[in-house]
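Residues per chain are reported as follows:
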Amino acid sequence: MLTRILKWAAAVGEGPQPWTVNVGVARTLIALSGFGTLLLSSLSTLMQPGTGTEAPYCQGASGLSLWCLAPAAGTEWARVAVLAVLFVAASGWRPRFTALPLWWILFSDQASFTLVDGGDQIAAVLALLLIPISLTDSRKWHWMRSSQQFGRPRKLAVTVARVSRGVICVQVAFIYLDACLSKLSVPEWVDGTAGYYWLQDPMFGPAGVLRTISNTLMLNPLLVTAMTWGTLVIEFSLGVALLLSARHRAILFPIGLLFHLGIALTMGLWSFVFVMWAALALYLRAEGDFPAEWLSAFRRSRSRSREARRCSVARG
C-alpha cells in the first residue's frame, strides 16, 4: 500500500505545475469579494446584534477572529488594515506571504459578522484550501506563468499543490450537487415555479428597470419553468463536471460564469458571484492561463483578419 501511495505521489509530482494564472485570478476574485464587502458596508451594519447574541460573535472558535481580538476602540483602524491586506492579496503580490492573512480575514468575517451569506462561507473555505497551493508558489506575482522546469526538490511542492487543488474540486462539486439536490425537496422547484417567487421577493429580487423587465417576463409560464428547471440542470451539470472530460468542462465554464452573472444582476449578490467565479476557475480551468489564452486568441483573430484583407486586396 505504501509503495502504491509513493508511486501515485511521484506521478502527481511529475504533472504540470499547478501555479497558473487562472489560480491567481481565483485568488484575486476571492480577495475582492471580501474587499468589496468591507469597503461598501460599515462595520456597524455587518455586526448587527442578533437574537440573544452580541456583535461581533466571539464564542468558541470565533474567538480567534481578528474582530474579536481587535480592541473595540480600534475596529475602524483594523478595518483599514484589513482592506490594505485584501488589496495586496488581490494585486497578486507574493501569494505565499498573503495566503494565511487572506484566510484569517475571510474566516474572521464569516465567523464574527451577523450579516453573512453563503459566499462569505465559501470564500473562507476556498482561502483555507488554497493555502498549500499559495505557500508552495514561489512567484513574485500570481499573474506570472510558472516555468515548466523544476528539479527534484520541487516535486513535493507540486504534489502538495495538486492534491490541494483536487480537494478544492471535490468541495466545489459538492457545493453544486448539494445546491441542486436540496432544491428537489421543495415543491416549488419541482413544479417549476420557484423562479417566479425568487424574482418577486422584495429582498432578493431585482430593482429598478430590471424589476419591471422581470415582472413582465415572469408572466410567461414557459419562461418561469425554463428558468427554474434550467437552474437545476446547470447546478447538476456543474456538480458532476468532476467526472467529465476536459472538453466538456471547458464548455461548462462559460455557462457557469453567465449563470452566476445572472444571479448578480437579478439578486445583487456580487460578493457571492465573485467567489463562485473563483470556484469555477479553480474547479474547471485551474490548469490554464485563460487571460493569456484570450489575448493569444484575439491576436490570432486579428492576424487572420489582416491576412483575409490582404488576400481580398490581392484578388481585387
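Bear in mind the structure is a predicted one, so any value in this text is a computation, not a measurement.

Draft legend 1. Main features of the packing of helix α2 (residues 21–40) against helix α15 (residues 270–284). Running from N to C, α2 and α15 cross one another at 165°; their axes reach a closest spacing of 8 Å. Judged by the inter-axis angle, α2 sits roughly antiparallel to α15. As for the relative orientation of α2 and α15, their crossing is left-handed in sense. Here α2 contributes N22, V23, A26, L29, I30, L32, S33 and T37 to the contact with α15, which in turn contributes S271, F274, V275, W277, A278, A281 and L282. Within the contact of α2 with α15, the residues separate by chemical class into 11 nonpolar, four polar and no charged.

Draft legend 2. Here's a closer look at the state of the cysteines. Inspection of the entire model under this criterion finds one disulfide. Each sulfur in the disulfide pair C58 and C68 lies 1.9 Å from the other. Here the S-S torsion is close to -100°, and the disulfide linking C58 with C68 is therefore left-handed. Highlighted residues: C58 in the loop between α3 (43–46) and α4 (66–69) and C68 in helix α4, separated in sequence by 10 residues. Classification of C58 by relative accessible area gives partly exposed; the value is 32%.

Draft legend 3. Inspection of the nonpolar core at higher detail. Ranked by size, the top nonpolar core spans 63 residues in total, and within it L38, W67, L126, I168 and L284 carry the most contacts. Here this core gets 12 residues from one element, more than from any other, and that element is α15. With residues up to four places along the chain from it excluded, the contact list for W67 reads L38, L43, M47, P56, T75, A78, R79, V82, S108, D109, S112 and F113.

Draft legend 4. The side chain of E235, seen in detail. Within the secondary structure layout, E235 lies in helix α13 (residues 221–239). By relative accessible area, which is 7% here, E235 ends up buried. Beyond its immediate stretch of four places on either side in the chain, E235 contacts Y176, L177, A179, C180, K183 and F259.

The rules behind the values
- Residues numbered from 1 in each chain as written.
- Predicted model: local features only at pLDDT ≥ 70, side-chain atom pairs only at ≥ 80, totals over all residues.
- Heavy atoms only, no water.
- Axes fitted to C-alpha atoms, helices over the stretch in contact; angles between N-to-C directions.
- Helix = DSSP H or I, 4+ residues; strand = E, 2+ residues; numbered from the N terminus.
- Parallel < 35°, antiparallel > 145°, perpendicular 65-115°, else oblique.
- Left-handed = near helix turned anticlockwise from the far one by under 90°.
- Contact = heavy atoms within 4.5 Å.
- Nonpolar A, V, L, I, M, F, W, Y, C, P; charged D, E, K, R; others polar.
- Disulfide = S-S within 2.5 Å.
- Buried < 20%, exposed > 50% of the residue type's maximum accessible area, 1.4 Å probe, protein only.
- Core = buried A, V, L, I, M, F, W, Y, C linked by side-chain atoms within 4.5 Å.

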